[in-house]
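Fold and contact review
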Amino acid sequence: MLREICIFVVLKRILLFLLLFNAANTSYLVAQTISVDRYFIKTQGTLQNTPSNLDTLSIDFSGFTNGLILKTSYPFQLSFDAVNFDDSVSLSMSSGAGTPIYIRLLSSQKDEAYRSQIQILNGLNSLSEKIYLIGSTIQTSEALSVGTWNIKWFGLPTKCGCDTNLARLNVTHILKELDLDLIALQEIVNEDQLSQVVQDLGPEYRYILANYASRVQSQSGSGYLEAQKLAYIYKQNRIQRTANYGLLKSSYPSQQGSNSPYYYFASGRWPFVFSGKAIATGEQFTFVNIHGKAFSGTTEHNRRAGAALEMTNDLNANLPNEKIIVLGDYNDLLEGAITTGFSASPYSYMLQNNFVGITLPSVFPGENTYLGISTSLIDNFVVSKRASYAYVPSSTLILKEISEAVPNFRNTTSDHIPVISHFYTSLSTKVNDISTLEKDFKIVHSSNHALRILGAIHEARTISIFSLDGKRIFQKEYQVAERIEEDASWFSRGVYVISIETNSGVEFHKWLKR
C-alpha cells in the first residue's frame with residue numbers, strides 16, 4: 001500500500017510539473033510564424049530636421065503569446081498610427097494580421113547617408129528575421145542618386161545557374177526599393193528580360209543597352225544574344241540622355257594586337273558612355289560604365305592596367321572639363337591588387353591622372369562587393385576631379401543588406417552586390433582653374449564679418465557659395481545691384497568657392513574666410 005501511495009505522489013508531482021511548464025512555455029507548444037512584406041526598405045531623401053515621407057511595413061505573426069517588439073536605431077523611427085514615433089513598437093497577439101508599421105527618417109544632419117535594421121524581439125531574444133533600412137538627408141531635388149551592379153549572366157539560365165524569372169523578379173524588387181536616378185549594369189544578356197524589368201519599374205524609367213560585347217562588335221554579330229553586355233536604367237524625368245557610345249570603339253578594327261585597346265578591354269567590351277543632363281539644373285554628367293577583364297592572372301592584371309591607361313588618356317584628351325563618373329565592375333581593387341606579386345592597383349594610372357577614387361578599400365575596410373571573396377571590393381566609383389566637387393561626401397553605400405534580405409541571393413540573383421553614390425547637380429565645375437580665369441568681379445574682405453563683391457555688379461544675377469566638398473551653403477538672387485555685401489560672420493574659417501552668375505556666363509572665385 002505504501003509503495004502504491006509513493007508512486008501516486010510521484011505521478012502527481014510529474015503531472016503538476018508538466019502543467020506548470022506548459023503554462024509558462026506555451027510558445028514551445030504552438031508553432032511560431034512570422035511574415036513581413038518587405039525585408040529591405042529605402043526611405044525617400046529628405047531635408048535635415050524634416051521627417052521623410054512615410055514607408056510602411058506589414059507584419060503577420062502567430063504563436064508568440066507575449067507578442068513581439070520591433071526595434072530600430074537613429075535616425076529611423078517606427079509608429080503604429082503614423083503620428084507618434086519612437087525607436088521601437090510593441091505588438092500584441094491582438095494587434096491583428098497584417099499589422100501596418102510606419103517607418104520614417106528624421107535627422108539633424110545634412111547630406112548624410114544612413115543604414116540600420118529593424119530587429120524583431122521575442123522578449124529579450126532577437127529573432128533571425130531582420131528588416132534592413134537605408135536612407136539619407138540628401139534632398140532629391142539637389143542631387144542624383146547613382147548606382148552600379150553586376151547582375152550575374154542576367155537572363156541566361158545556362159550561365160547564371162538560376163531561375164531567370166525569379167532573378168528578374170528579385171532585380172525588379174531591389175531596383176524599386178533603391179529608386180535610383182541612374183544605374184549602370186554589367187553582364188546583361190537577355191534584352192527582353194531587361195525590358196520587362198524596366199516596364200515593371202514604371203513609366204518614368206528607360207534603358208539603353210550596348211550594341212557590342214566581347215568579340216562581338218554589332219547587334220547582328222554571331223554570339224551577341226548570348227554575350228554579357230553593358231546597360232543603363234535611368235529615370236527620364238530626372239536625366240535627359242544626350243549621347244551614348246562605346247569609348248575607344250573606333251580604334252577597332254585597325255588596332256587588334258596585344259597592345260591595343262581592343263585587347264585590353266576584354267576583346268572589345270568597351271566602356272559604355274552615357275552623357276546626360278540633370279533635368280532640374282541642366283548640369284551635364286558623363287557616365288562611363290566598365291566591366292574590366294576578369295581573373296587574377298598576371299596577363300589579366302596587365303590587360304586591366306592597359307585598359308586604365310587607354311581610358312584615362314582618352315577621357316582627359318576629349319572631355320577635359322567634364323564631370324565624369326567611371327563606375328562598374330573593375331574586376332580589381334583601387335588600392336592594391338587581386339593578383340599575387342602586384343602591390344599597386346592596375347587602375348593606379350587613372351588615380352594619378354585627374355581622377356579620384358571613391359570606393360577605396362582604406363575608406364571601406366572589410367567590405368566587399370563580390371560575394372565569392374571577402375576582400376574583393378571590385379565594383380567601384382572613380383570620378384574626374386571636376387566631378388569630385390559634385391560628389392556628396394560619405395554618400396556611398398555598399399549594399400550588403402541586399403544579399404541578406406533576398407533569400408539565397410548569391411544563387412538566385414547575383415554574386416555581386418550593388419553600390420550607390422550621390423552627386424550634387426547645382427555646382428558647375430566646368431572650369432580650367434579657378435585661380436587663372438579672367439575676372440569681371442573682385443572679392444573684397446572688408447572685415448572678417450563681411451563679404452563684398454566689386455566689379456560689374458550690375459550684371460550679377462545669382463551669387464552662390466560652395467564648400468570645397470561641393471556643398472552649396474549660400475545662394476541669393478539679385479536684380480540690378482549697386483552694391484553686393486553679405487554678412488559672413490556665420491561662415492567657418494576656411495576656403496570656399498564663390499560662383500557669380502551673369503546673363504553671359506558664370507565666373508568662379510576662391511574665397512578665404514579668416
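Here the structure is a predicted model, which means the values were calculated and not measured. (Residues numbered from 1 in each chain as written. Predicted model: local features only at pLDDT ≥ 70, side-chain atom pairs only at ≥ 80, totals over all residues. Heavy atoms only, no water.)

1. Section: the packing of helix H3 (residues 164-178) against helix H4 (residues 191-201)
Test applied: Here an axis means a line fitted to C-alpha atoms, over the contact stretch when the element is a helix, while the angle between two N-to-C directions is reported on a 0 to 180 degree scale. Helical segments are the DSSP runs of H or I of at least four residues, strand segments are the runs of E of at least two, and each set is numbered from the N terminus. Whether a crossing is left-handed or right-handed is set by the direction in which the near helix is turned from the far one by less than a right angle, anticlockwise for left-handed and clockwise for right-handed. In this analysis, two residues are considered to be in contact whenever any of their non-hydrogen atoms come within 4.5 Å of each other. Residues are grouped as follows: nonpolar covers Ala, Val, Leu, Ile, Met, Phe, Trp, Tyr, Cys and Pro; charged covers Asp, Glu, Lys and Arg; every other residue, Gly included, is treated as polar.
The geometry of H3 relative to H4 is characterised by a closest axis approach of 10 Å and an angle of 40° between their N-to-C directions. The hand of the H3/H4 crossing is right-handed. Facing Thr164, Asn165, Arg168, Val171, Thr172, Leu175 and Lys176 of H3, the residues of H4 in contact are Gln193, Gln196, Val197, Asp200 and Leu201. Split by residue class, the contact of H3 with H4 holds 4 nonpolar, 5 polar and 3 charged.

2. A closer look at the pattern of salt bridges
Stated precisely, the cut-off is as follows: Salt bridges are defined by distance alone: a side-chain nitrogen of Lys or Arg within 4 Å of a carboxyl oxygen of Asp or Glu.
What the rule picks out here adds up to 12 salt bridges. Its salt-bridge partner being Asp181, residue Arg238 comes within 2.9 Å of it at the nearest N-O pair. Residue Arg238 is found in the loop between strand E13 (229-235) and strand E14 (239-246), and its partner Asp181 is found in the loop between H3 and strand E11 (182-188); the two are separated by 57 residues along the sequence. Because the salt bridges share partners, they merge into one network encompassing Arg38, Asp55 and Glu177.

3. Some remarks on the confidence of the model for the protein
Defined as follows: Confidence of the prediction at every residue is given by pLDDT, a number between 0 and 100.
Averaged over all residues, the pLDDT of the protein equals 88, while 87% of them reach at least 70. Note on residues 1-21: pLDDT under 50 across the span, and 0 contacts to partners over four residues away in sequence or across chains. This model gives residues 428-438 a pLDDT under 50, and the stretch forms 24 contacts once residues within four places in sequence are excluded.

4. A few points about the nonpolar core
Defined as follows: Take the buried Ala, Val, Leu, Ile, Met, Phe, Trp, Tyr and Cys residues and link them wherever side-chain atoms come within 4.5 Å; each set so joined is a nonpolar core. Exposure categories follow from relative accessible area, calculated using a 1.4 Å probe and restricted to protein chains: below 20% of the type maximum is buried, above 50% is exposed, and the middle band is partly exposed.
Ile233 and Val326 are the most contacted members of the largest nonpolar core, which has 87 residues in total. When sequence neighbours within four positions are dropped, the list of residues in contact with Val326 reads Val288, Ile290, Met311, Leu315, Met350, Phe355, Asn380, Phe381 and Val382. Within the second largest apolar cluster, 22 residues are counted, among which are Ile34, Phe64, Val89 and Ile118.

5. Topic: helix H6 (residues 298-318)
Just so we agree on the cut-off: Take the number of residues in a helix, subtract one, and multiply by 1.5 Å to get its expected span.
Compared with the 30 Å implied by 1.5 Å per residue over 21 residues, the 30 Å span of H6 between its first and last C-alpha is a close match. Looking only at H6, the buried set comprises Glu300, His301, Arg303, Arg304, Gly306, Ala307, Ala308, Met311, Thr312, Asp314 and Leu315. In this structure, the buried side of H6 is in contact with helix H5 (261-264), strand E16 (284-291), strand E17 (324-329), helix H7 (348-351) and strand E18 (355-357).

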